[in-house]
Amino acid sequence: MGKGWCLFFLFWPIAAVVSCAMAPFVGWSFPYNNAQAASNLGIRIDDLFYIILIVTAIVFVGTQAVLVYALWRGANNREERATNIHGNHKLELIWSIIPGAILLFLAIYQMNIWADFRIKKYYPEAAVKDPLAEVTARQFEWRFRYPAIGKKLQQKPQPDDLYSVNELHVPFGKPVMIQLRSDDVQHSFFLPALRIKQDALPGLQIPVWFEANKPGTYDLVCAELCGWGHYKMKAHVIVQPEDEYQAYLKNLTQKQFYDGLGKIAAKDTGTESEAVEK
Amino acid sequence: MTTLNPSPTGLQPILNPQAHHAPGNFITKYIFSTDHKIIAIQFMFTTLLMMIVGGVLALAVRWQLAFPWESMPIVGPWLFAAEGGQISPEFYTMLFTMHATVMIFLVIIPILAGTFGNLLIPLMIGADDMAFPRLNMLSYWFMWPAIACFGMSFAYAGGPAAGWTSYPILADLAQAAPGSGTAQTLWLLGVTFIGFSSMMGSINYMTTIINMRAPGMTFFRLPMTIWGLFITAILQAFALPVLTAGGFMQVTDRLLGTCFFYPSGLVINNAAPTVGGGQALLWQHLFWFYSHPAVYIMLLPVMGMVSDMLSCMCRKPLFGYKPMVISMSAIASLGFIVWGHHMYTSGMNPAVGMAFMVATMMIALPSAVKTFNWTATIWGGKVEFNTVTLNCIAFLSMFIVGGLSGIFMAAVPVDVYFHDTYFIVAHFHYVLFGATLFGVFAAIHFWFPKMFGRMMNEKLGKTHFVLTFIGANGTFFPMHFLGMQGMPRRYADPYLHGYLEHLLPMNQFMTISAIVMGFAQILLFINIFYSMFFGPKAGRNPWNATTLEWTTPSPPGHGNFDFIPMVYHGPNEYAVVNGNKDFLMQTEKESLPANEAVATNTLDET
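Since the structure is predicted, the reported quantities are computational estimates derived from the model, not experimental observations.

Novice: Tell me about the UniProt feature "domain: Cytochrome oxidase subunit II transmembrane region profile" (unreviewed entry) in chain A, residues and numbers included.
Specialist: In the UniProt entry, the feature "domain: Cytochrome oxidase subunit II transmembrane region profile" (unreviewed entry) is given for residues 24–121 of chain A. Helix makes up 70% of residues 24–121 of chain A and strand 0%. Its end C-alpha atoms lie 36 Å apart.

Here is the structure:
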């Protein structure tokens, strides 16, 4: 019966490996049918993921195979007694040093990505100087505040700021930065397609930068439990070429400052045309 | 060592076996008992009962994910009559909050420390009872106020619904969530009570292990089980006060108007802006300073027990006893400085993230050493495939998966993507269910004869194991894929989001597996209750094991040992030449044949 149990324990790692190997082909991998990350940093994160996946897959297959083989041998052991070994210094040194080296390599390897991702000193300068928008999470929606065309985002809301709810437009091919905050509880700004996630902390303003490299509409969800409607925080990030993005802002300005007579309030059109001239 | 009439077995008679305390009448013997074995049994039945509660909550969560907004079978129509039998999102948040709370605080921690800590520590070190028997009794009875608080919290406005992590502001201010009223305060009180219980236990365990070891039981002759429980007790004693303090701060925030955890100017639920000068991040630091070590509190005792059980079932000495002890200590001490890896996306200083990342990566190292050592223990052994062995191997097999997925989490940039997705859920279910609970199942089968004097049924045990193993893998392995596809945790209805729409069939598959796994536990209960009364009687040492508890009668009487046990060598002396046996009890003085004596002594004397 022992051999049957060995097969039982062999079956499950095989099932695990097969389903993992299948995953990219049946859409069980990264979002949007295993699409490549829609940001350059996201691609680097994916690469790191695959490196770790390869390392862990080898270790997984190796350890499970050795485990099953050891069981197989143990089940068939016809000796009167098992072998009397209390340990082996050399062996233990080997299996401490090798994983240690691999782990240290992984740790050092990823430092750059982390620094580029989160440490403000390494943020792209243009993005830091001119934040795209302020993103405010609240139960249970996302609010976006853009500066008026040609102006810079201010800490405090300005009279000519542009607002939208649950729809963030972003130009593609250039790094942008948003200021993330929360009005009530903790939320998390999660853009699966771009591999971006940052908690929105009440009382803090957290700068988040990303560079979308593919136009498209991506889901923006909340990843930190924020109450009963947590699952409902459904928004989209629309990545579009620069000119379409400017057209969107113009459109937004017109809608927002529409005075009901088919004209846009003079003051605001003024600033807008000035901006275009510049 | 002065000898008092040495007996033929090398044991010494105890002058007065009842000296410690008397068993007393029925109530003091079985209900308000100070006997560690009875307390262990009390803990076991209470925690198993709670496992049913936690399991039912889990099945309800899985029901919602497989059949969203459909009427719950059986309980739906009368429980949620107003919603037409379906689970409301508020109720769903309560479900997963309480599933985690019950499983962590009322099942896994107390079944390890409470049941096996109590049962095994005095027996394995050769003591007649715990150092503080009454404190021990209290540690059990303090579970009940906790259970009462958690139970009552269900009744208040939807129950606590801020997740088991109880993150502010959601858990801190009553207006933030429907379930965040009195229910949340009761939840915090419940955690505090269970904290008292754990604290009393851990003080008792440390004192007992340090002071009450039998003659000859040096630290490096302690069975691995005791090492696991000892290190756990230390972890518990140092980490728990931080959570308790944090819990009190949250309670005062809620009741007395302090503002440790919330800043000013928040507009919650259209109420007036809050006043305050606190910071939600503070809670996360306090919480994870306990709750990360708590992961090891939930794992190290099992690691110890599995080491002893595997060694016994393979009839081989444990491979690398000292490295196992050292790696356990390394896991525990590193465990203290990695709490920040739960907070990579939290908004704390990212430079700190790097330090936490390196420390977290390094935790994988001692874990790997342990895994290799267990495999090497099996290697060349004579494996007997009984329920204990099978559960131990399941522990090992699933611990490997949980450990490896931990490496993804340790890598900060990758963790940013996986944080708060189902990948994390997969990881900790592999560790906490896959590893810990399989270890616990093995331990229940292994020490059952010592608890009740009877053996458990093998057929039932194996059927339970097979169904649980298949069900567990079927439930938890696909969670990795859900996580990769970016499905966040704690969503009542992930299919609302376009990119997650196609996940319904996978979730349904997982729910079916979970139902199989849940119903398999009925077999465990049948087995326990049947075998308690009708199982075949076990002798003193049914497994031919070597540690001290097997020198006592099954079950041991009040005061445990007939003789003060003398310990002559380490705990796992199997595969030796010893008459017609292949093992050497720790109390047996017989000199080993020359070649084996060398091998044994290198570990004990160095």
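Novice: Go over the domain arrangement of chain A, please, and point to the residues and values.
Specialist: Residue and element names in this part refer to chain A. Domain boundaries assigned for chain A yield domain 1 (3–76 + 92–121) and domain 2 (128–257). Each of domain 1 and domain 2 was reduced to a C-alpha centroid, and the two centroids are 34 Å apart. At the interface, 18 residues of domain 1 touch 16 residues of domain 2. Between domain 1 and domain 2 the total buried area reaches about 1500 Å² when both faces are included, carbon and sulfur atoms providing 49% of it. On the domain 1 side of the contact with domain 2, Y32, A38 and K120 bury the most area, a combined 39% of that side's loss. One can count one salt bridge joining domain 1 with domain 2.

Novice: Break down the confidence of the model for chain A for me, citing the residues and quoting the values.
Specialist: It should be kept in mind that the predicted coordinates are not to be read in detail where pLDDT is low. For chain A, per-residue confidence averages 89 on the pLDDT scale, and residues scoring 70 or more make up 93% of the total. Every residue in residues 266–278 of chain A scores below 50 in pLDDT, and together they form nine contacts with partners more than four places removed in sequence or on other chains.

Novice: Break down the UniProt feature "domain: Cytochrome oxidase subunit II copper A binding" (unreviewed entry) in chain A for me, with residues and values.
Specialist: Under the UniProt annotation, "domain: Cytochrome oxidase subunit II copper A binding" (unreviewed entry) lies at residues 128–251 of chain A. Across residues 128–251 of chain A, the secondary structure splits into 10% helix and 45% strand, with the terminal C-alpha atoms separated by 25 Å.

Novice: Before we move on, can you summarise the packing of helix α15 (residues 422–452) of chain B against helix α17 (residues 504–534) of chain B with the specific residues and values?
Specialist: All names here are of chain B. Between α15 and α17, whose axes approach to 11 Å, the crossing angle comes to 10°. Comparing the axis directions of α15 and α17 gives the class roughly parallel. Viewed along their axes, α15 and α17 form a crossing whose handedness is left-handed. Residue-level inspection shows F433, F441, I444, H445, F448 and F452 of α15 in contact with α17, the latter providing M517, Q521, L524, N527, I528, S531 and M532. Tallied by class, residues from the contact of α15 with α17 come to nine nonpolar, four polar and no charged.

Novice: An account of the sheet that holds strand β2 (residues 141–146) of chain A is requested, with residue identities and associated values reported.
Specialist: Residue and element names in this part refer to chain A. Judged by pairing direction, the sheet is mixed, and its five strands sit side by side in the order β3-β2-β1-β5-β8 without closing on themselves. Every interior strand has two partners, whereas the edge strands, β3 (162–165) and β8 (206–210), have only one. Within this sheet the neighbouring strands show an average axis-to-axis angle of 25°, counted without direction. Looking at chain direction, strand β1 (residues 133–138) and β2 are connected through five bridges and run antiparallel. In the sheet register, T136 faces β2, and the bridge partner there is R143.

Novice: A description of unusual backbone geometry should follow, citing residues and the corresponding values.
Specialist: Trans peptide bonds make up the majority, and among non-glycine residues the majority have a negative phi. The peptide bond linking Q139 of chain A to F140 of chain A adopts the cis configuration, its omega dihedral lying at -10°. Position of F140 of chain A relative to the elements: it lies in the loop between β1 and β2. At R315 of chain B, a residue that is not glycine, the phi angle is positive and equals roughly 55°. Accessibility expressed as a relative area gives 11% for R315 of chain B, which makes it buried.

Novice: Account for empty space enclosed by the protein, naming residues and giving values.
Specialist: Residue and element names in this part refer to chain B. For the structure shown, the criterion picks out nine cavities of 30 Å³ or more. Of the voids in this model, the largest cavity is the one considered here, and its volume is about 140 Å³. Along the wall of the largest cavity there are 18 residues; nearest its centre are A113, G114, S197, S198 and Y205. Among the secondary structure elements, those contributing two or more residues to the lining of the largest cavity are α4 (89–125), α7 (182–211) and α8 (224–255).

Novice: Go over the interface of chain A and chain B with me, naming the residues and quoting the values.
Specialist: On the side of chain B, 116 residues touch chain A, which itself brings 96 residues to the contact. Of the roughly 9000 Å² buried at the junction of chain A and chain B (both faces included), carbon and sulfur atoms supply 71%. Across the chain A-chain B interface, the total number found is zero salt bridges. For the interface between chain A and chain B, the tally reads 28 residue pairs in polar contact (both at pLDDT 80 or more).

Novice: I'd like a rundown of the sheet that holds strand β4 (residues 167–171) of chain A, residues and numbers included.
Specialist: All names here are of chain A. The five strands are arranged β4-β10-β9-β6-β7 in an open sheet whose pairing can be described as mixed. Two strands bound the open sheet, and with one partner strand each, they are β4 and β7 (196–200). Neighbour-to-neighbour, the strand axes of the sheet open up by a mean angle of 20°, direction not taken into account. Examined bridge by bridge, strand β6 (residues 187–191) and strand β9 (residues 216–222) share two bridges and lie antiparallel to one another.

Novice: Explain the nonpolar core to me, and be specific about the residues and the numbers.
Specialist: W142 of chain A together with W447 of chain B are the most contacted members of the largest nonpolar core, which has 289 residues in total. When residues in this core are grouped by element, the largest group, 25 residues, is from α4 of chain B. Structurally, this core is a two-domain feature, drawing no fewer than three residues from each of domain 1 (3–76 + 92–121) and domain 2 (128–257) of chain A.

Novice: Which residues make up the pattern of salt bridges, and what values go with them?
Specialist: Evaluated as defined, the whole model comprises 17 salt bridges over all chains. Among the salt bridges present, the one from D183 of chain A reaches R138 of chain A, with a minimum N-O distance of 3.9 Å. Linking D183 of chain A in the loop between β5 (176–182) and β6 with R138 of chain A in strand β1, this pair joins segments that are 45 residues apart in sequence. Using a relative accessible area of 15% as the deciding quantity, one classes R138 of chain A as buried. Here R315 of chain B and D582 of chain B are joined by a salt bridge, their closest N and O atoms 3.1 Å apart. Taken together, the residues R315 of chain B in the loop between α10 (300–313) and α11 (321–335) and D582 of chain B in strand β4 (residues 581–583) connect sequence positions 267 residues apart. The network of salt bridges with shared partners includes R138, E141, R143, R181 and D183 of chain A.

Novice: Residue-level account of the pairing of β2 of chain A, with values.
Specialist: All names here are of chain A. Burial of β2 is extensive: five of the six residues sit out of reach of the surface. Bridge analysis of β2 against β3 gives four bridges, and the strand direction is antiparallel. Counterpart to R145 in the pairing with β3 is Y163.

Rules behind the numbers
Residues numbered from 1 in each chain as written. Chains lettered and ligands numbered in written order. Predicted model: local features only at pLDDT ≥ 70, side-chain atom pairs only at ≥ 80, totals over all residues. Heavy atoms only, no water. UniProt positions renumbered as here; feature names shortened; annotations may be inferred. Helix = DSSP H or I, 4+ residues; strand = E, 2+ residues; numbered from the N terminus. Domains from an automatic or database assignment. Contact = heavy atoms within 4.5 Å. Buried area = accessible area lost by both parts, 1.4 Å probe. Salt bridge = Lys/Arg side-chain N within 4 Å of Asp/Glu carboxyl O. pLDDT = per-residue confidence, 0-100. Axes fitted to C-alpha atoms, helices over the stretch in contact; angles between N-to-C directions. Parallel < 35°, antiparallel > 145°, perpendicular 65-115°, else oblique. Left-handed = near helix turned anticlockwise from the far one by under 90°. Nonpolar A, V, L, I, M, F, W, Y, C, P; charged D, E, K, R; others polar. Pairing = 2+ DSSP bridges. Buried < 20%, exposed > 50% of the residue type's maximum accessible area, 1.4 Å probe, protein only. 1 Å grid on protein atoms, 1.4 Å probe; cavity = no way out; pocket = protein on both sides within 12 Å on 5 of 7 lines; lining within 4 Å. Points joined across faces, edges and corners; volume = space filled by probe spheres on them. Polar contact = N/O pair within 3.5 Å; in protein donor to acceptor, adjacent residues only side chain to side chain. Core = buried A, V, L, I, M, F, W, Y, C linked by side-chain atoms within 4.5 Å.

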